Amino acid sequence: TSAPERTDAYWMPFTANRQFKAEPRLLASAEGMYYRSVDGREILDGTAGLWCCNAGHARPQIVAAIQRQAATLDFAPSFQMGHPLPFVLAERLAALAPAPLQHVFYTNSGSESVDTALKIALAYHRVRGEGQRTRLIGREKGYHGVGFGGISVGGLANNRKFFGALLPGVDHLPHTLDLRRNAFSRGLPKHGAELADELERLVALHDASTIAAVIVEPIAGSAGVILPPEGYLQRLREICTKHGILLIFDEVITGFGRVGDCFAAQRFGVVPDMITTAKGLSNGAAPMGAVFVSQAIHEAFMNGPEGAIELFHGYTYSGHPLACAAALATLDVYAEENLFAAAHELGDYWEERIHALQGLPNVIDIRNYGLVGAVELAARPDAPGSRGYEVFKRAFHEQNLMVRCTGDTIALSPPLILNREHIDRIFDRLGATIRATA
Ligand code: PMP
């Protein structure tokens, strides 16, 4: 693949447009732990694409499954017709999810999963005769994609500022972000769980019987990899249960092994009422998402008080044959190679290596959990975000390493197939880049 002659007809996501046009970074191919750039360099992937390719890139089993499916049944309409794969996949997914989240709705992305979950929350209360429960609660700095619901419950100011009219009746809990300067603590922060009690304050303000759902990312990625203080999610769960509020975990980035179990819900021992997923579900090889819902939610729609409720919801591409084939093959690879356990087992070495960056110039905090990592750099007073962006760019051009920057935080989320040498290479290269960046 060679570089395109024009790059102005396509709107790059987010704010990447101008930066990209000044200096395009184009990927041509990928395999295992590596990308290859159009200028022929081998780039070590420290990000699994964008938290997607947990089994590494272009895995032959997944490629073959997609090819086979494309040649057999390329598409089947999802309204009134079906095909076997979504059912087979749903059973596999149910076995991976924490009980009682054994039912799924399919989507095509994380954003659609979030909007779907919010709609289900509203419909669930209505079916149960509690239609006044319409308020939604997110968190400041939360990221839940770019759908209309997602930006409304999300709390990153830049993602919202152009859209004056967001969903009404949305509140945001304060974020544990402000507790993050935990001075290089390893794993989950030990203090700060009481911040969950802010939910009680919102309940007192609005009356619990008006609140439909609370949505949080167990680990907030886009805000700069913010870990939940020990006990924080448990406390949210208790408060939601006490007041009949549904708790939604957005596990678009934490789902499918990232933290050493299939879901963060399992690793942290807290079961929400719904889990939103995408990315690692199909290893990034086909667009797909899924919302896991509890038995109670499923039953409310099947046998609600007004009789069976016809919940009108679904996408043309829900349960798309190619996406299902990709997801089934992905789950096979995860199981055959025991990748969720591998993420847990490698976590100690990952922790040791990432914390060895402490003391490098401008490094003000380091965070880790499972195969998630963050190195926070001091912001330049006149240009916040510019140091993070420079490290990201230099890592790519000078060290052949792909990292992600969210502001001045360098985020890492490698494919779960990596070994100790890859971990060494990631941190040697990142360390060299940080040293070279004033
Ligand atoms: N939720 C979270 C927590 C995410 O990190 C993302 C994407 N990074 C999304 C939702 C949106 O997913 P998508 O880009 O597939 O719509």
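Residues numbered from 1 in each chain as written. Predicted model: local features only at pLDDT ≥ 70, side-chain atom pairs only at ≥ 80, totals over all residues.

With respect to the overall build of the protein chain
Here comes step 1: The number of helices and strands found in the protein chain is 15 helices and 15 strands.
Here comes step 2: Taken across its 438 residues, the protein chain has 49% of its residues classed as buried.
Here comes step 3: Considering only residue pairs separated by 6 or more positions, the protein chain has 73% of its internal contacts joining residues 24 or more positions apart. (Helix = DSSP H or I, 4+ residues; strand = E, 2+ residues; numbered from the N terminus. Buried ≥ 20, exposed ≤ 12 C-beta atoms within 10 Å, placed from the backbone. Contact = placed C-beta atoms within 7 Å.)

Notes on the nonpolar core
Here comes step 1: Counting 125 residues, the largest nonpolar core has Ala213, Val214, Leu236, Leu246, Ile248, Ala326 and Ile410 as the members making the most contacts within it.
Here comes step 2: Here this core takes 10 residues from helix α12 (residues 321-336), the largest share from any one element.
Here comes step 3: There are two domains that each give this core at least three residues, and those are domain 1 (16-55 + 338-436) and domain 2 (64-336).
Here comes step 4: Sequence-distant contacts of valine 214, defined by excluding residues within four places in its chain, comprise Ile137, Leu199, Leu236, Cys240, Ile245, Leu247 and Ile248. (Core = buried A, V, L, I, M, F, W, Y, C linked by C-beta atoms within 7 Å. Domains from an automatic or database assignment.)

Here we look at helix α3 (residues 60-72)
Each full turn of the α-helix corresponds to 3.6 residues, which orients residues three or four apart in the same direction.
Here comes step 1: Compared with an ideal rise of 1.5 Å per residue, which puts 13 residues at 18 Å, α3 spans 18 Å between its outermost C-alpha atoms and is within 8% of the ideal.
Here comes step 2: The complete set of buried residues in α3 reads Ile62, Ala65 and Gln69. Considered in projection along α3, the buried side chains sweep an arc of 60 degrees and stay on one side of the axis. Turned more than 90 degrees away from the buried face of α3, the exposed residues are Pro60, Ala64, Gln67, Arg68 and Ala71.
Here comes step 3: Packing partners of the buried residues in α3 comprise α12. (Expected span 1.5 Å × (residues − 1). Arc of directions from axis to C-beta.)

Notes on the sheet that holds strand β6 (residues 170-173)
Here comes step 1: Spatially, seven strands are ordered β4-β10-β9-β8-β7-β5-β6 in an open sheet, and the strand pairing comes out mixed. Only two strands of the sheet have a single neighbouring strand rather than two, namely β4 (103-107) and β6. The mean angle between the axes of side-by-side strands here comes to 20 degrees, regardless of whether they run parallel or antiparallel.
Here comes step 2: Where strand β5 (residues 135-139) and strand β7 (residues 211-216) come together, three bridges link them in parallel fashion. Bridged to arginine 135 within β7 is isoleucine 211.
Here comes step 3: The strands touched by helix α5 (residues 110-127) within the sheet are β4, β5, β7, β8 (246-250), β9 (274-277) and β10 (289-293), with β10 carrying the most contacts at an inclination of about 30 degrees. (Pairing = 2+ DSSP bridges. Axes fitted to C-alpha atoms, helices over the stretch in contact; angles between N-to-C directions.)

Topic: α5
Here comes step 1: The end-to-end C-alpha separation of α5 is 25 Å, in line with the 26 Å expected for 18 residues at 1.5 Å each.
Here comes step 2: Summarising burial for α5: 15 of the 18 residues are buried, a large majority.
Here comes step 3: Glycine 129, located one to two residues past α5, shows a positive phi value of around 80 degrees.

Comments concerning the site of the ligand
Here comes step 1: Taken together, 14 residues are adjacent to the ligand, and Ser109, Gly110, Ser111, Gly145 and Val252 come closest.
Here comes step 2: Split into classes, the residues belonging to the shell around the ligand amount to five nonpolar, seven polar and two charged. (Near = placed C-beta within 6 Å. Nonpolar A, V, L, I, M, F, W, Y, C, P; charged D, E, K, R; others polar.)

Topic: the environment of threonine 316
Here comes step 1: Summarising the element assignment, threonine 316 is placed in the loop between α11 (295-302) and α12.
Here comes step 2: Owing to 10 C-beta atoms within 10 Å, threonine 316 belongs among the exposed residues under this scheme.

Quick notes on the environment of arginine 68
Here comes step 1: One can find arginine 68 in helix α3.
Here comes step 2: Considering only alpha carbons, one finds arginine 68 and glycine 192, 124 residues apart in sequence, at a separation of 50 Å.

Coordinates in, geometry out; function isn't part of it.
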